[in-house]
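# Notes for the structure review
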Amino acid sequence: MSRALASPSLAAQRSVLGAVLLIACWEGTARGLHLPAYVLPAVSDILVGLWSKRTILFDAAGYTLIEAIVGYGLGCLIGIGLAVAIGLVPALRSAILPLATAINSVPVVGYSPLILLWFGIGVSSKIVMVAMAVSFTILLSMLAGLDRVDRRAVDLMKSFGASRLSVLWRLRLPTALPLLLAGMRVSTVRSVIVAIVTEMLGAHGGLGWVIYQAVLQIDFVQVWSAIFVASAASLAFFGLVGFLERKLLFWT
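Note that this is a predicted model, so its numbers are computed, not measured.

Reading the values: rules and limits
- Residues numbered from 1 in each chain as written.
- Predicted model: local features only at pLDDT ≥ 70, side-chain atom pairs only at ≥ 80, totals over all residues.
- Heavy atoms only, no water.
- Phe/Tyr/Trp six-rings, centres within 6.5 Å; stacked < 30°, edge-to-face > 60°.
- Helix = DSSP H or I, 4+ residues; strand = E, 2+ residues; numbered from the N terminus.
- Buried < 20%, exposed > 50% of the residue type's maximum accessible area, 1.4 Å probe, protein only.
- Lys NZ or Arg CZ within 6 Å of the ring centre and 35° of its normal.
- Salt bridge = Lys/Arg side-chain N within 4 Å of Asp/Glu carboxyl O.
- Contact = heavy atoms within 4.5 Å.

Looking now at the packing of aromatic side chains. In total, this model carries three aromatic pairs according to the counting rule given. With a centroid separation of 5.2 Å and 75° between ring planes, the pair formed by Trp-26 and Trp-224 is classed as edge-to-face. Pair noted here: Trp-26 is in helix H1 (residues 2-32) and Trp-224 is in helix H10 (residues 220-248), with a separation of 198 residues, a long-range link. For Trp-224, a relative accessible area of 24% translates into the label partly exposed. Each ring, one from Tyr-72 and one from Phe-237, has its centre 5.0 Å from the other, and the planes form 70°; the classification is edge-to-face. Of the two residues, Tyr-72 is situated in helix H3 (residues 54-88) and Phe-237 in helix H10; the sequence distance between them amounts to 165 residues. Chaining the aromatic ring pairs together yields one cluster made of Trp-26, Trp-224 and Phe-228. Cation over ring: Arg-54 sits above Trp-51, and NZ or CZ is 4.0 Å from the ring centre.

Next comes the structure, spelled out in structure tokens:
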């Protein structure tokens, strides 16, 4: 038990040490080689810029997180709903899966002009884009989990008179939960990325809009400051879903 308790602590210490070494190398390289800001600004300059523009950056981060979280939730509902529909009616697989694969064979950014045209440059278009990106990942994760079930267990339940819905609820969904939650955890980062990229193509606010405006103003320190804030927001979102995953899968 002592090893099990020490392991997460040791991993955390290594992560902190790795981050400190990376920052030290970054700072030393930027200062030692006198790199211009458009190539690589020093970490200290980025942190100073982040603090000076903290109000703008944190407001933008909140704007982006709202888009990412709402789109993420909608995408999860769509992906889970489609997977459950396929689980209940297997004939739907041949119709839903090829269509979903065809839609997602194009990078989600490729749909941005159409989505912005249909839904405007407000929050709605970002939510739709995030939902499109997340739903396919969740659909595949959920289907893979549903397909993991032991056919003998399914046949046993059916022999006792269990309906298809009962088999899904009592056997297939619990079996699919680990893969579903893993897909949900991975999708957190993707949702923030898609929201930021879509904001750069047209928005009223958000970290993507801040990055785009900073590039136009040739303020590369602010670009990096926004990237730092975006990374922190993604890590926080990822960590939250990971925490919920550990709580729900307490037996693993």
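The full count for this structure, using the stated rule, is four salt bridges. Ionic pairing is found between Arg-31 and Glu-27, a salt bridge with its closest N-O pair at 3.1 Å. Taken together, the residues span about one helical turn, with Arg-31 and Glu-27 both in helix H1 at a distance of four residues. Of the residues examined, Arg-31 reaches a relative accessible area of 43% and is grouped as partly exposed. The partner of Arg-185 in a salt bridge is Glu-245, with the nearest N and O atoms 2.5 Å apart.

This paragraph deals with the environment of Val-134. Inspection of the secondary structure puts Val-134 in helix H6 (residues 123-146). Sequence separation of Val-134 and Gly-79 is 55 residues, and the distance between their C-alpha atoms is 7.8 Å. Once you skip the residues sitting within four places of it in the chain, Val-134 turns out to touch Tyr-72, Gly-75, Cys-76, Ser-187 and Ser-191.

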